Structure formats: C-alpha cells, structure tokens
Amino acid sequence: MKETKHDKISNFPSYLRDWIKTFRGKATIICLIGLGIIPFITNNSYIIGIFNTFMIYTIFAASWDFLAGYVGQVSFGHAIFLGIAGYTTAFSTRYLGSPWWIALLLGACFAVGFSLIVGVPALRLKGPYLALGTLAMSLILYQLFLMGSLGILWENAFPGTELFGTDGIGQVPPISDIPIVQYVAIFLIMCASMLIFTHLVKSKTGTIFKAIRDDETGTSASGINTTKYKILAFLISGFFAGIAGGLYALRFSGVNPGVFQPLYSFYAIIMAAVGGIASISGAALGAFIFVFLGEILRLLGDIPQLAVFGGFVEPIFIFSILLILIIRFAEQGVLKPMLERLQNMWDLLLGR
Amino acid sequence: MGVLLEVKNLTKKYSGLTAVNDFSFEVKRGEFTGLIGPNGAGKTTLFNLISGFEKPSSGTIRFDGRDITGMKPHKIVNLGIARTFQLVRSFKFMSLLDNISVSCLSPRGKRLAKEYGIDESASSILAAVGLIDKARIPPIILPHGDLRKLQIGKALGTNPQLLLLDEPFSGLSHEEQKGITELIIKLHADGVTVFMTGHVLRELMHLVPRAIAMHQGKYITEGPPEEVAKNKIVLEAYLGKGSEKLA
C-alpha cells in the first residue's frame, strides 16, 4: 500500500503535465484564468453577481451529476441539500454571528446529515422510485419551511429569530463587503470542489461508483458492499450541494422556502443534462449556459414591446424545451461535441 | 481433502413452486464437479442460494466449516466463493481493465492485489483469461466468447477458493467453447475448486470427474458422468419417458 501511494505522488506532476498538453486541459486552464480575472477587469456589480451565481450553480450541478451520472442514483430532490444548507448558513451568520466559512461548513454538515436521512431509506429504492421518493421528500421540506404556524412556534421558543414561514431568513451578511474578495472566495471554493469531483471519479473509488451505475448486482458479485458505497456517494453529493446552498444564501443575502421547490432540483438536472451527464466540466458548461441564457431571457422579458410574448421568454419555459431537445437529439450534452469542433478548428488554425 | 462446500436439505419455495427441493450435497476442496439437469431443473436457483442472491426457505449452506446461509452476496464473495452468471453481466461502459479492477478492489481481492497494485493484478488476470490485448476497450463491443472470459476474470479478481460457473458454455461456438474449457482446466490445475452447471450432458461429460444430477429441484444421483448418464430418471428427464430402451 505504501509503495502505491508513493508512486501516485511521484506520478502526479507528469499526470498533470499530460493533461495540460491535451486540448481539453488547455481549454480548461484558459477558461479558469478568464473566470479568475473577471472581477479585476470590471467592477460592475451586476456582471460579478451573475458570475457568482454561475459558479455556485456549477457546484450544485456537479454534485447532482456526480450522484446521477457516475453512481447512477438519480435524485429529483437535490433542492433538499441546497435548502437545508442555505437555511443553516443563513441562520448561523444572521443569528449566531458565525464567520461565513464556519457557517458554510456547518451548512454542508447539515446537508450531509440530511443526505443520510434521505439516502439511507432511499437506498432501498431503485431507478424511478428513488427519483420519486427524493422528489416527495423535497416537497415535505418545502411545506414544512413554508408553514406559518411552525414559524410562530419557533419564534415563541427562540425569540428574536425566524426560521419557518414564507419570508425565510433575510439580511444575511455577504462573505465580504468587498465584491472582489467574495468573488475570489467563491471562485476558489468552486475550483476546489471541481478538482475533488474530478479526482474522485478518476480514482479507484470512482471505478467502484461507475461499476454500481453500470450493474449493481454485478458489483456485489465482485465482492463490493454496494450499500456502503452508495451511502458514501450520497454523503459526498450532499456535502457539495450543501456548499452550493450555503454560498447561495451568502450571495443572495438570504433564503426562503422556495429553495426547497422541485424547480431547484430541476435546475440541477437541466444544467447537468445540457452540459452532458457524467461529465464534471460538462456541469460547469451547463451552469454557464443556464445562468447566462436565463439572464438574457430575463432582460428580454423586461422589454415593454415584447410584453405580449411574456410567457414565452420565461426561462423555465425555454429551458424545459431545451432539455427535451437535448435528451432527444444530443444525449451526450453540448460539451463533448463542442470541444471536438473547437479542437478541429484549433488544429486547422495551427495547420495540423 | 476436506469438505469445502456443504449443502444440507436446501429448499427454495416460490408461491406455488418449489424450485429447489430438500437438496443436499458436498463439494470437497480441490474437486471439479458438474451439476447437470435439463432447463428449469433449478440449477441457477441453487447457485443463487449458494452465492447469497436469494435466501433459502429452509436448509443450511456451510462453506469451509462456516454457516453462510442467508448472508449478503458481497460477504460470501469475500469469504471465497465467486460466481459467474448464465446471462453475462459486465460494466458496459468501463474498460476491461476497470471491469476486473472492481473485483480486485473488494476486501478479499485487495489482499491478493496488495503486493503488485490493483492495475497490475487486474492486468495479470486479463492476461490469464486471454484478454490482455483488449484491456482498454469496453465490453459492449466484445464477442460473446470474450464476455464469458471476462466473467471468469471478474470472478478471479476476488481470489476465490470456490468458483461457481453457471452455464459457462451457453451460446458459444465450438471454437469458443474450447478456449473456455482450456481456461477452466487451467484454473482447476492452479488449485481452484470448480463447481459448474450445464444442461448439455455432452459438454460436461469429458470435463468433470464427478457430476451431480438435478431434476425438478430434487437431487437425483451423483458419480462419474458416464454412470450418471445411465441413470433412469436422468434419461427420462432429458429424453422423456420410455427412452431407456433407446439408450
């Protein structure tokens, strides 16, 4: 065991060097550099805000895609983790005065706890039943956090704090009052999350995850405790969806029960499917398309002359159509074909 | 030669159907045994019971002196019983090397792979089953014979003491059958106890020194395959009543 570990360390730089040599590696590095310098070339808070949302959704979409695309556990209730962590982070920064990073970790831990509550019974469910079960659980939480009567009970028990009710928790302080600091913090957290996911799916544990996805019975016939690995996958996915939820609360200065809505679970699925299921960088591209196309549609909706078409430029309307087109005509998402085209163009430019 | 697998009074009932009926037999360490019986005799159900994929209605299964009745499949694999399936199973979108690696990553497989590393162990198993030149391709594009070899390779990754092969020849051409036969003989020579099923008597006849006959879930007889083939009930099961006159 010791020897293999040593091998891995000595192999690591060459593995990284090989990756950078590929077109995909270069493209990723260029995109990351571009993303990293954005707050230094503009101080337009609107643009910085959109990029923040994009990076948070990237983590969220990747956490869903990791569970569905690599482990084969399709959840339709991923909003549970987003919401629980969002609420925990918002509550602890607003009422307990925690620093943002402690609140963020606490939120992720709560999401991990809920991924156990959701994951353990859900492991008895397979395929569409798992999807339905998780969907139902997210609806239960949505309804609970919406309940005014619970809100009154809570306020009586803990005066001065609000948890349940339609308003949610507002006035959450941001990561930093300086937008650049907040941006860089989110950027680094996103990079770390993506790196962990990428490493995980390429590791030996990732091999077991993919085996469970391809044939669960066959995996147990290979002597693998599939229950253990499925729970592990739920915990990992819950943790990162929780990180996304905490960042969401910090970036939007609050949360309301709406984050538990199936719509948010659906967002994760749209982003992952558009980018390409079972592709971590695909989730990033999907989130990018989702956030920016969504923003363009929102701007179009604000044009008075287009008011007649109001309903047609609703993001969810367009995205649902897009999703149907993607799963019908481009099952592998847009990342892979796009990279191939770009690489062909690049090779052509270099005269190869 | 001690007893490796001991099955006693094993019964599996589904509603209205008894697939395995009060079945008892033993397999000794290092033996090479065949389980014969026509289609629907209950051979696969018996394998599912031994490997933990189904729970018996009654009876006990002991492996290496240990009661394994009703244990989870992965636990049984890690005690040293590996199986293959009649309908081939594989991790369709993963390379052959990764297909084998999964078995090498099981607790029992890891102990074997510790010395050389997972990839090296998986490669040596691929070489042993004759698929090393296809290590990087996924099983979806493999011919049926190679998939059967892959199945055996996946079982070997867990370092089994007892190998259960469920119809390893079904759907194979004559050439492919020869390759698998050679592989099984080699594994047995390396010290693996082999217990395999087959519904075509001829295939097993030349291979195993001892055969157990099964019909409608019941134990019929056992012994050298030529003798088992002369048994009246076995003949009836395969050829229908009155066929002993033909034989």
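Another aspect to go through is the overall build of chain A. Secondary structure assignment for chain A yields 15 helices and 0 strands. Computed over the C-alpha atoms, the radius of gyration of chain A is 21 Å, within 12% of the 20 Å expected from 2.2 N^0.38 for a compact globule of 352 residues. Taking the principal axes of the C-alpha coordinates as reference, chain A spans close to 65 × 55 × 40 Å. Counting contacts in chain A only where the partners sit at least 6 residues apart, residues at least 24 apart contribute 75% of the total.

We now examine unusual backbone geometry. Even without being a glycine, Gln171 of chain A presents a positive backbone phi close to 50°. Topologically, Gln171 of chain A is positioned in the loop between α7 (148-157) and α8 (179-202). Given 9 C-beta atoms within a 10 Å radius, Gln171 of chain A is considered exposed. Its identity as a non-glycine residue notwithstanding, Asp64 of chain B has a phi of 55°, on the positive side. If you trace the backbone, Asp64 of chain B turns up in the loop between β4 (58-63) and β5 (66-67). The partly exposed category is assigned to Asp64 of chain B, around which 16 C-beta atoms lie within 10 Å.

All right, on to the sheet that holds β5 of chain B then. Neighbouring strands of a sheet are bound in pairs by backbone hydrogen bonds; such pairs are parallel or else antiparallel. All names here are of chain B. The strand order across the open sheet built from 4 strands is β2-β1-β4-β5, with neighbouring strands paired in antiparallel fashion. Each edge of the open sheet is held by one strand with a lone partner, namely β2 (17-28) and β5. Where strand β1 (residues 3-14) lies against β4, 5 bridges are found, and the strand directions are antiparallel. Within the sheet, the bridge partner assigned to Leu5 lies in β4 and is Phe63. Across the sheet, helix α1 (residues 43-50) touches β1, β2 and β4, and the angle it forms with β2 is around 65°.

To continue, consider the interface of chain A and chain B. At the junction of the two partners, chain A supplies 18 residues and chain B supplies 26 residues. Of all the secondary-structure elements, those providing two or more residues to the side of chain A that touches chain B are α9 (204-214) and α10 (216-221) of chain A. With 6 residues, the top contributor of residues to the side of chain A that touches chain B is α9 of chain A. The residue makeup of the side of chain A that touches chain B, split by class, is 5 nonpolar, 9 polar and 4 charged.

Bringing the domain arrangement of chain B into the picture now. Residues and elements named next belong to chain B. Segmentation of chain B into domains returns domain 1 (1-80 + 161-247) and domain 2 (89-160). Domain 1 and domain 2 are separated by 24 Å when their C-alpha centres are compared. Listed as interface residues are 15 residues of domain 1 and, on the opposing side, 13 residues of domain 2. Elements supplying a minimum of two residues to the side of domain 1 that touches domain 2: α2 (73-79), β7 (162-165) and α7 (174-189). For the side of domain 1 that touches domain 2, the element with the most residues is α7, which contributes 4 residues.

On to the environment of Val192 of chain B, then. Residues and elements named next belong to chain B. Within the element layout of this structure, Val192 appears in the loop between α7 and β8 (193-198). Residue classification places Val192 among the buried positions, given that 20 C-beta atoms sit within 10 Å. Among residues more than four places away in sequence, those in contact with Val192 are Pro160, Leu163 and Leu187.

This brings us to helix α4 (residues 79-94) of chain A. The end-to-end C-alpha distance of α4 of chain A is 22 Å, a good match for the 22 Å that 16 residues give at a rise of 1.5 Å each. For α4 of chain A, the tally of buried residues reaches 16 of 16 residues, placing the bulk of the element in the interior.

Residue and element names in this part refer to chain B. Within α1, 8 of the 8 residues are buried, which leaves the element mostly enclosed by the surrounding structure. Of the residues making up α1, those classed as buried are Lys43, Thr44, Thr45, Leu46, Phe47, Asn48, Leu49 and Ile50. Gly52 sits one or two positions beyond α1 and adopts a positive phi of about 85°.

Before going further, it helps to examine the sheet that holds strand β3 (residues 32-36) of chain B. All names here are of chain B. In space, the 6 strands of this open sheet follow the order β6-β7-β8-β3-β9-β10, with mixed pairing throughout. Of all strands in the sheet, those bounded by a partner on one side alone are β6 (81-83) and β10 (218-223). Neighbour to neighbour, the strand axes of the sheet diverge by 20° on average, direction disregarded. As defined by bridge partners, β7 adjoins β8 across 4 bridges and the pair is classed as parallel. Across the sheet, Leu165 pairs through a bridge with Met196, a residue of β8.

Conventions used here
- Residues numbered from 1 in each chain as written.
- Chains lettered and ligands numbered in written order.
- Predicted model: local features only at pLDDT ≥ 70, side-chain atom pairs only at ≥ 80, totals over all residues.
- Helix = DSSP H or I, 4+ residues; strand = E, 2+ residues; numbered from the N terminus.
- Rg over C-alpha atoms; globule rule 2.2 N^0.38 Å.
- Contact = placed C-beta atoms within 7 Å.
- Buried ≥ 20, exposed ≤ 12 C-beta atoms within 10 Å, placed from the backbone.
- Pairing = 2+ DSSP bridges.
- Axes fitted to C-alpha atoms, helices over the stretch in contact; angles between N-to-C directions.
- Nonpolar A, V, L, I, M, F, W, Y, C, P; charged D, E, K, R; others polar.
- Domains from an automatic or database assignment.
- Expected span 1.5 Å × (residues − 1).

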